Number of protein chains: 2
Amino acid sequence: MLTSEEIAKDARRAGNILKTISNENRSNVLYKIHDELKAHKNAIQEANKLDLQTAKDTGLADSLVKRLDLFKGDKFDTMLQGIKDVADLPDPVGKINFAREIDENLILYQITAPVGVLLVIFESRPEVIANITALAVKSGNAGILKGGKESINTFREMSRIIGSTIRKSESQTGVPVGSVQLIETREDVSDLLSQDEYIDLVVPRGSNALVKNIKSSTKIPVLGHADGICSVYLDEDADLEKAKRIVLDSKTNYPAGCNALETLLINPKLNNWCDVLENLVRKGGVTLHATPAVKHAYLESLKQSGHLDEKITANLVDADETKDFDGEFLSLDCAVAFVFDTREAIQHINLHSSRHTDSIVTENKLNAELFLKGVDSAGVYWNASTRFADGFRYGFGTEVGISTSKIHARGPVGLDGLVSYQYQLRGSGQVASDYQGAGGSRAFVHKDLDISQVSWQ
Amino acid sequence: MLTSEEIAKDARRAGNILKTISNENRSNVLYKIHDELKAHKNAIQEANKLDLQTAKDTGLADSLVKRLDLFKGDKFDTMLQGIKDVADLPDPVGKINFAREIDENLILYQITAPVGVLLVIFESRPEVIANITALAVKSGNAGILKGGKESINTFREMSRIIGSTIRKSESQTGVPVGSVQLIETREDVSDLLSQDEYIDLVVPRGSNALVKNIKSSTKIPVLGHADGICSVYLDEDADLEKAKRIVLDSKTNYPAGCNALETLLINPKLNNWCDVLENLVRKGGVTLHATPAVKHAYLESLKQSGHLDEKITANLVDADETKDFDGEFLSLDCAVAFVFDTREAIQHINLHSSRHTDSIVTENKLNAELFLKGVDSAGVYWNASTRFADGFRYGFGTEVGISTSKIHARGPVGLDGLVSYQYQLRGSGQVASDYQGAGGSRAFVHKDLDISQVSWQ
């Protein structure tokens, strides 16, 4: 048994080699993994059945059992296709961000480079192992993967196949064995979380509890989000039909999603704003958690229009202002409050949201621009549903996760979030002491070059 | 007295406003700060004299006293000019990184945005307060600044002037009072380092001990470097004259710099490699910390050429291999070891260096490309001195610091390291459930747009 430090050191060593391997060879090893997983479908399925049986025997919730099942519908084939899709993506490594002439024959390049070593921790879904293996190898990062105990048999079988494929092809592709390491025990994880000298980024994939727990127990940067507290603000100049559609979609398209609406902010100067709430209740079956002011005005208005009925009152509760605006419902529930202008909406969001995605509905360009500039979230939307916050919808091909951190990568993160950059300086013997500022008289040129013209061949 | 949490919250509030202020107004407040500091030169000088007197009375080292002196040479004027220079830089905020048509009238923009709240901790140099104030305000970030106790009087006087200038001009520029907060006591700092909910980035400016101490006591990302263990590798195909110049410059141009050479790796197949060491000793006065193999070969060679004399032997000591390759000398000392090819050089560097800046000297393009790809440092150089690792030399105008972290910003960090990005989605009422993957049938367009054509006016 390797210690956590040995695992982390091995990963660092492998990562240092992996970053020098060509895109072609990094993709080749992924094709081989695809082929071997496909060839061993039966063995994987047997292992998966064991996990499913154990889950049923121990009375795991149906929703969790479903996630464990790797052979439900076309899940296995989709997983396999996903490996190929990632292999076919453009190389995220070695892209030139800029090139600058520092002096004659002294050229500075900023070039994308792998982050190094990723620690990926996920829960029950066994397909994540293939997904993350593909993303890590493609981006030139070594990966240490830890799956949940519920899928241990599936995980072991797939690990075995992935490990032996990399081993067998190492002499051909150069991708080292330590590039993907799979660990089983929970003790390993807490030890690994302290290996900040060797591990560069932690990617938790799973419940809020998992992410929160990891964030609080490591100094390594964490890519992901614990909460997705998303808001929609209905401005006084909102188009009512757009408002109705956007609010309904944001809340009900997938209420358990991190990009689902949790807080609706309404400017009461918007005519017929009650229609938006009524639509949300009648079409979406949503329970409104309203502040006293919203509740009073809403009930009064529906009484006057003759729309007040049992459905409306059954789906209306008092907001608990100590928590309803600061957490996720992840269900058909929505907190509702009044704000009296765009600035107040921005303040509310910056105070209560989790900096994930927030949207303004308005036809007023000034208010929209103010909102887009003022809200401090990864996604700031104008007249669009918060549900668009997703790597696939953004056109990133595949998604590592959605980040609510303020540095490195924000929002939906594609392969690009797994690379950083290095500065390459290509000279011909230059020394600093010849230049101004370091004792010499030569001036720097500092002329940006057209990167499409750069060639090192 | 505000608590640390109140200070951090105030900064967050101010940052949220500051990010909406126009570049013109952010620059305007900097011009005003420039003018007021200039107008109060006498008062600042009086305060600075007090600090200098205290420093002398308490027997502070001469080098530290020098750093405290804000009126040595043209330091004060340079500081003032620096504020204007930063004000005149292009706006780092609101730049469009990419624009993508998701669907008709649904456009996604990735736009640079301030990180939020910076905590900047620096030691004796009082001019840093002006420098950091300028960088923070220009990049739209709120800054909490803590100076060293040795410069407390200068710090207080400049704080007073900067604070009152921002306050007086708030109604005109919109830059809020809390944008720059200056704190005095050490207790505040340790409390502030735990405010990771409100503070986004810590920037320590000072000794290795300061940076190490901060890194080990906060969960907030730290921009900077503790160590600068830089290496030069002399390949067997190195040009000897280039090697001599680059090694001498890297080591001796400014030995206390973080980009100074600490470890020299030599391929003994390089003809006349001893000349590089002899040059380093005779021209640079450098003491070599050599491994037994290097020492033996070097002495043998010099004996044969008749160059062995007292200067050579006096400047040659046995390397302590338990630490000489894993720390900084910051003096005219250099660790020297043999490596037998480029791969071994890369391995040595990836194991021992601090991922700052490392250089290969060679005329062999294959070895150079291998080195540039394989070394996992912020700066990877070919035939150039490590001393070029510097924001000014890179053409960044001004430098926040040099980062050895693997994510967000690496190497010399300019204003760009203080911004991150947000995704803006500008729609016309679109909802996710109309599209494939979320229940609908519409396909995404995902067409990248020419950002030079984007206009929201």
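Residues numbered from 1 in each chain as written. Chains lettered and ligands numbered in written order. Predicted model: local features only at pLDDT ≥ 70, side-chain atom pairs only at ≥ 80, totals over all residues. Heavy atoms only, no water.

Under an unreviewed UniProt entry, the name given to chain A is glutamate-5-semialdehyde dehydrogenase, and the organism recorded is Zygosaccharomyces mellis. Of the comments in the UniProt record for chain A, the one headed Sequence similarities (unreviewed entry) reads "Belongs to the gamma-glutamyl phosphate reductase family." (UniProt positions renumbered as here; feature names shortened; annotations may be inferred.)

(A) Focus on a negative patch on the surface. A cluster of like negative charges, contributed by B:Glu236, B:Asp237, B:Asp341 and B:Glu344, occupies part of the molecular surface. Structurally, the position occupied by B:Glu344 is in helix α14 (residues 342-352). (Patch = residues over 30% accessible without salt bridge, like charges linked within 9 Å, V, L, I, M, F, W, Y side chains within 5 Å. Areas by Shrake-Rupley, 256 points an atom, 1.4 Å probe, with all protein chains shown as cover. Salt bridge = Lys/Arg side-chain N within 4 Å of Asp/Glu carboxyl O. Lys, Arg positive; Asp, Glu negative; His and termini not counted. Charge placed at Lys NZ, Arg CZ, Asp CG, Glu CD. Helix = DSSP H or I, 4+ residues; strand = E, 2+ residues; numbered from the N terminus.)

(B) Inspection of the sheet that holds strand β1 (residues 96-103) of chain A at higher detail. Strand order across the open sheet formed by 11 strands is β17(A)-β1(A)-β2(A)-β16(A)-β13(B)-β12(B)-β7(B)-β8(B)-β11(B)-β9(B)-β10(B), with mixed pairing between neighbours. In this open sheet, the two strands that pair with only one neighbour each are β17 (447-449) of chain A together with β10 (316-318) of chain B. Taken pair by pair, the neighbouring strands of this sheet meet at an average axis angle of 25°, ignoring direction. For strand β9 (residues 287-290) of chain B and strand β11 (residues 333-338) of chain B, the ladder comprises four bridges, and the chain directions are parallel. (Pairing = 2+ DSSP bridges. Axes fitted to C-alpha atoms, helices over the stretch in contact; angles between N-to-C directions.)

(C) Structural context of the relation of the copies chain B and chain A. Turning chain B through 180° and shifting it by 0.0 Å along the axis lays it on chain A, with an RMSD of 0.1 Å. Both chain copies can therefore be described as sitting about a two-fold axis. Among all residues of chain B, the one whose C-alpha sits closest to the rotation axis is B:His408, at a distance of 1.9 Å. Comparing contact sets, 100% of the residues at the interface of chain B also lie at the interface in chain A, consistent with an isologous, same-surface contact. (Least-squares fit on C-alpha atoms with pLDDT ≥ 70 in both. Contact = heavy atoms within 4.5 Å.)

(D) Summary view of the environment of B:Lys72. As for its position among the elements, B:Lys72 is in the loop between α4 (62-68) and α5 (75-88). Linking B:Lys72 and B:Ile132, residues 60 residues apart in sequence, is a C-alpha distance of 20 Å.

(E) Local environment of the packing of aromatic side chains. One pass over the structure, following the stated rule, counts 30 aromatic pairs over all chains. With 6.5 Å between their ring centres and 80° between their planes, A:Phe444 and B:Phe388 make a pair best called edge-to-face. In this pair, A:Phe444 sits in the loop between β16 (419-430) and β17 while B:Phe388 sits in the loop between β13 (379-384) and α16 (391-394), so the two residues belong to two different chains. Like A:Phe444, the residue B:Phe388 is buried in the burial classification. A ring pair is formed by B:Phe71 and B:Phe76, whose centres lie 4.8 Å apart and whose planes are at 20°; its orientation type is stacked. (Phe/Tyr/Trp six-rings, centres within 6.5 Å; stacked < 30°, edge-to-face > 60°. Buried < 20%, exposed > 50% of the residue type's maximum accessible area, 1.4 Å probe, protein only.)

(F) Structural view of the environment of B:Gly427. All names here are of chain B. With respect to the element layout, Gly-427 can be found in strand β16 (residues 419-430). Residue classification places Gly-427 among the buried positions, given a relative accessible area of 16%. Spatially, the C-alpha atom of Gly-427 lies 45 Å from that of Thr-357, the residues being 70 residues apart in sequence.

(G) Spatial organisation of α5(B). Residues and elements named next belong to chain B. The first and last C-alpha atoms of α5 sit 20 Å apart over 14 residues, in line with the 20 Å expected at 1.5 Å per residue. All buried positions along α5 are accounted for by Lys-75, Phe-76, Met-79, Leu-80, Ile-83, Val-86 and Ala-87. All buried residues of α5 project into a common sector of 150° when viewed along the axis, lining one side. (Expected span 1.5 Å × (residues − 1). Arc of directions from axis to C-beta.)

(H) Structural view of the domain arrangement of chain A. Domain annotation for chain A reports domain 1 (4-215) and domain 2 (230-395). Between domain 1 of chain A and domain 2 of chain A, the C-alpha centre-to-centre distance is 38 Å. (Domains from an automatic or database assignment.)

(I) Layout of the interface of chain B and chain A. Contacts between the two partners involve 80 residues from chain B and, on the opposite side, 80 residues from chain A. Note on chain B versus chain A: buried area summed over both sides is about 6800 Å², and carbon and sulfur give 50% of it. B:Arg12 is the partner of A:Asp376 in a salt bridge, and the nearest nitrogen-oxygen pair spans 3.2 Å. Counting across the interface, chain B meets chain A through 57 residue pairs in polar contact (both at pLDDT 80 or more). Among the elements that line the side of chain B that touches chain A, the one with the most residues is β16(B), at 11 residues. Along the lines of polarity and charge, the residues of the side of chain B that touches chain A split into 32 nonpolar, 27 polar and 21 charged. In the sheet, β16(A) pairs with β13(B) via five bridges, with the strands oriented parallel. The residue bridging A:Gln430 from the neighbouring strand is B:Ala384, located in β13(B). (Buried area = accessible area lost by both parts, 1.4 Å probe. Polar contact = N/O pair within 3.5 Å; in protein donor to acceptor, adjacent residues only side chain to side chain. Nonpolar A, V, L, I, M, F, W, Y, C, P; charged D, E, K, R; others polar.)

(J) Geometry of the sheet that holds strand β10 (residues 316-318) of chain A. The 11 strands lie next to each other as β10(A)-β9(A)-β11(A)-β8(A)-β7(A)-β12(A)-β13(A)-β16(B)-β2(B)-β1(B)-β17(B), forming an open sheet whose pairing is mixed. Each having just a single partner strand, β10 of chain A together with β17 (447-449) of chain B make up the two edges of the open sheet. Averaged over all adjacent pairs, the angle separating strand axes in this sheet is 25°, with direction ignored.

(K) Main features of the packing of helix α2 (residues 23-39) of chain A against helix α7 (residues 152-173) of chain A. Residue and element names in this part refer to chain A. With their axes 9 Å apart at the nearest point, α2 and α7 run at an angle of 140° to one another. As summarised for this structure, α2 and α7 are arranged oblique, according to the angle between their axes. Classified by chirality, the crossing of α7 by α2 is right-handed. Contact residues: α2 offers Asn-25, Asn-28, Val-29, Lys-32, Ile-33, Glu-36 and Leu-37, while α7 offers Met-158, Ile-161, Ile-162, Thr-165, Ile-166, Lys-168, Ser-169, Gln-172 and Thr-173. The class makeup of the residues in the contact of α2 with α7 is seven nonpolar, six polar and three charged. (Parallel < 35°, antiparallel > 145°, perpendicular 65-115°, else oblique. Left-handed = near helix turned anticlockwise from the far one by under 90°.)

(L) Spotlight on the side chain of A:Lys251. All names here are of chain A. Its place among the elements puts Lys-251 in helix α10 (residues 240-252). Side-chain polar atoms of Lys-251 contact the backbone oxygen of Leu-261, separated by 2.7 Å. Excluding its chain neighbours within four sequence positions, the residues that come into contact with Lys-251 are Leu-261, Glu-262, Leu-280, Val-286, Ser-331, Leu-332, Asp-333 and Cys-334.

(M) Seen up close, the packing of helix α3 (residues 41-57) of chain B against helix α7 (residues 152-173) of chain B. Residues and elements named next belong to chain B. At a minimum axis separation of 7 Å, α3 and α7 run at an interaxial angle of 160°. Classified by the angle their axes make, α3 and α7 are roughly antiparallel. The handedness of the crossing between α3 and α7 is right-handed. On the side of α3, the interface is formed by Ala-43, Ile-44, Ala-47, Asn-48, Leu-50 and Asp-51, while α7 contributes Ile-152, Asn-153, Thr-154, Glu-157, Met-158 and Ile-161. Among the residues making up the contact of α3 with α7, the classes are represented as seven nonpolar, three polar and two charged.

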